[in-house]
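Results of the structural survey
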There are 2 protein chains.
Amino acid sequence: MALNKVVLIGAGNVATHLGKALQKTGCDVLQVYSRTKASASELAETLSVASTTSLEEIRPDASLYVVALKDAVLQQLIPQLVKGKPDAVFVHTAGSMPMQVWEGHARRYGVLYPMQTFSKRREVDFSEVPFFVEADGEETLQELKELAGRLSPNVREATSEQRRSLHLAAVFACNFTNHMYALCDRLLQKHGLPFEVMLPLIDETARKVHELKPHEAQTGPAVRYDENVIGKHLSLLADDPECQELYEKISKSIYRNR
Amino acid sequence: MALNKVVLIGAGNVATHLGKALQKTGCDVLQVYSRTKASASELAETLSVASTTSLEEIRPDASLYVVALKDAVLQQLIPQLVKGKPDAVFVHTAGSMPMQVWEGHARRYGVLYPMQTFSKRREVDFSEVPFFVEADGEETLQELKELAGRLSPNVREATSEQRRSLHLAAVFACNFTNHMYALCDRLLQKHGLPFEVMLPLIDETARKVHELKPHEAQTGPAVRYDENVIGKHLSLLADDPECQELYEKISKSIYRNR
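All of these numbers come straight from a predicted model, not from anything done at the bench.

**A look at the interface of chain A and chain B**
- Counting from both sides, the interface comprises 80 residues of chain A and, opposite them, 80 residues of chain B.
- Broken down by secondary-structure element, the contributors of at least two residues to the side of chain A that touches chain B are helix 3 (71-82), helix 5 (160-190), helix 6 (199-208), helix 7 (214-217), helix 8 (227-236) and helix 9 (241-256) of chain A.
- Considering only residue class, the side of chain A that touches chain B consists of 40 nonpolar, 22 polar and 18 charged.

Structure below.
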């Protein structure tokens with residue numbers, strides 16, 4: 001296990017779940033860094049490790065630095081982070097950030113992208129998380145694959161360009177899908193109905209695309225352009241212009257792509 | 001089993017799955033009606049029953065007529081359908097059509113709304129389908145509940161107004177969600193990536209809202225308004241104005257509702 005001593009840079013959802021999972025596989029998490037004291041302490045406590053809010057105090061003796069930060073922050077922090085750690089491997093976990101962000105700064109670097117949605121309040125089964133890895137060269141690649149392989153059986157290589165496309169597509173499949181659930185919840189609440197009634201439908205909608213292409217799985221008023229129903233729905237949404245506009249635009253998009 | 005002799009009016013996805021499920025519970029499906037010969041014959045063959053494309057030839061001796069048609073067609077067809085069948089129960093299966101559509105035409109009537117997404121090419125597990133029923137009075141209500149109860153353990157009463165809200169919310173939770181999957185598929189195809197890689201993320205996104213409210217489950221660039229990522233994604237979508245517009249509008253909606 002070459003990359004066994006880990007420092008986590010960041011204390012958000014990804015850092016939290018990845019940190020816990022790495023500990024479970026036997027990795028030694030040495031320290032947590034976050035700019036905000038509260039976040040750093042919270043994650044450090046969860047993992048029973050030390051924390052710091054100072055870049056200068058990041059321990060130089062880890063074999064792997066895992067950076068899970070907002071993209072803009074990551075870029076700013078790199079030059080100082082890599083200083084004095086010539087043999088370590090540096091990875092970030094971001095979907096849309098090219099690996100080249102490390103070039104000219106670190107000697108050994110790569111990307112460890114877990115394509116999953118992480119919320120602090122929900123446990124994640126890492127055996128179902130697809131990991132996409134990329135590295136500066138064969139040696140680092142093998143070490144990262146070995147590390148990711150301890151977390152999940154689903155590890156693949158992806159170039160920065162492929163990862164960028166995956167991340168964009170994942171925003172549709174996950175974040176936008178979840179927002180459809182959220183708008184559904186808002187509509188149900190307005191009419192005093194519980195969100196739970198929708199769960200069988202939500203589950204079946206997800207299960208269907210294991211078998212049918214999403215395009216073939218489409219049902220409902222938009223795909224058959226049932227003007228009667230669409231008209232009623234739009235007028236029901238007259239008091240919610242945000243939902244009304246999205247209803248109209250998404251329905252038109254469904255019909256165009258039928 | 002009071003409503004044991006059934007005629008199906010319509011031969012689309014809902015009629016097909018409901019017809020098969022009713023037969024399995026021991027109902028005697030007498031006949032299938034559809035305006036189009038091919039659809040009528042196809043479903044009739046699946047169920048090994050007779051079919052007709054003529055309203056006059058619909059058998060008058062069923063105890064239950066289940067109408068699963070587009071809303072506009074349903075309204076037109078009612079006067080002729082009910083003629084000469086004074087003791088039968090008439091139901092439709094539509095989410096957005098009020099029960100009152102039967103009033104003044106039939107003596108006994110109601111609604112049997114299965115809130116699920118039905119595609120011909122996929123089998124449906126009815127034990128996971130929530131049914132919402134409504135009826136002209138207590139006697140019909142009990143008979144419809146008994147019938148629905150044979151298909152699913154999840155049977156509730158809902159007024160026409162509640163059903164209308166459920167249907168609207170279901171369009172967001174199912175049809176619009178599925179369209180997010182379809183747009184995801186389109187983006188992946190463009191970059192030569194298989195849709196299958198998204199399934200763990202799609203599944204986890206659905207599972208999360210069993211535990212967290214959708215609003216709490218949200219992750220990704222929009223909810224934290226990561227302009228860096230959002231800007232990259234919008235420029236990646238420059239060649240696909242439809243996806244680009246939806247990306248922008250849905251992201252703004254996520255951020256406003258964070």
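**Observations regarding the nonpolar core**
- With 172 residues, the main nonpolar core has Val-66 and Ala-173 of chain A together with Val-66 and Ala-173 of chain B as its most contacted residues.
- Apart from the residues lying within four places of it in its own chain, the contact partners of Ala-173 of chain A are Met-180, Tyr-181, Cys-184, Met-198, Leu-201 and Ile-202 of chain B.

**Comments concerning the packing of helix 5 of chain A against helix 5 (residues 160-190) of chain B**
- In the contact formed by helix 5 of chain A and helix 5 of chain B, the axes pass within 9 Å of each other and the chain directions differ by 175 degrees. With respect to helix 5 of chain B, the element helix 5 of chain A is oriented roughly antiparallel.
- Within the contact of helix 5 of chain A with helix 5 of chain B, the residues separate by chemical class into 22 nonpolar, four polar and no charged.

**Structural notes on the sheet that holds strand 3 (residues 50-52) of chain B**
Residue and element names in this part refer to chain B.
- Taken together, the eight strands give an open sheet; going across it, the order is 3-2-1-4-5-6-7-8, and neighbouring strands pair in mixed fashion. On the outer flanks of this sheet lie strand 3 and strand 8 (155-157), each paired with one strand and no other. Within the sheet, the average angular offset between the axes of one strand and its neighbour, ignoring direction, is 25 degrees.
- Each of strand 6 (108-114) and strand 7 (131-135) touches helix 5; the most contacted strand, strand 7, lies at about 155 degrees to it.

**What to know about the environment of Gly-231 of chain A**
- Looking at the secondary structure, you find Gly-231 of chain A in helix 8.
- A C-alpha to C-alpha distance of 9.8 Å links Gly-231 of chain A and Glu-248 of chain A, two positions 17 residues apart in sequence.

**Some remarks on the relation of the copies chain A and chain B**
- The transformation that overlays chain A on chain B combines an axial shift of 0.0 Å with a rotation of 180 degrees, and the residual RMSD is 0.0 Å. As the rotation angle and translation indicate, the two copies are arranged about a two-fold axis. The C-alpha atom lying nearest the rotation axis in chain A is that of Thr-177 of chain A; the distance is 2.5 Å.
- Interface overlap between copies is the fraction of interface residues in one copy that are interface residues in the other; for chain A against chain B it reaches 100%, indicating a shared surface.

Rules and cut-offs
- Residues numbered from 1 in each chain as written.
- Chains lettered and ligands numbered in written order.
- Predicted model: local features only at pLDDT ≥ 70, side-chain atom pairs only at ≥ 80, totals over all residues.
- Contact = placed C-beta atoms within 7 Å.
- Helix = DSSP H or I, 4+ residues; strand = E, 2+ residues; numbered from the N terminus.
- Nonpolar A, V, L, I, M, F, W, Y, C, P; charged D, E, K, R; others polar.
- Core = buried A, V, L, I, M, F, W, Y, C linked by C-beta atoms within 7 Å.
- Buried ≥ 20, exposed ≤ 12 C-beta atoms within 10 Å, placed from the backbone.
- Axes fitted to C-alpha atoms, helices over the stretch in contact; angles between N-to-C directions.
- Parallel < 35°, antiparallel > 145°, perpendicular 65-115°, else oblique.
- Pairing = 2+ DSSP bridges.
- Least-squares fit on C-alpha atoms with pLDDT ≥ 70 in both.

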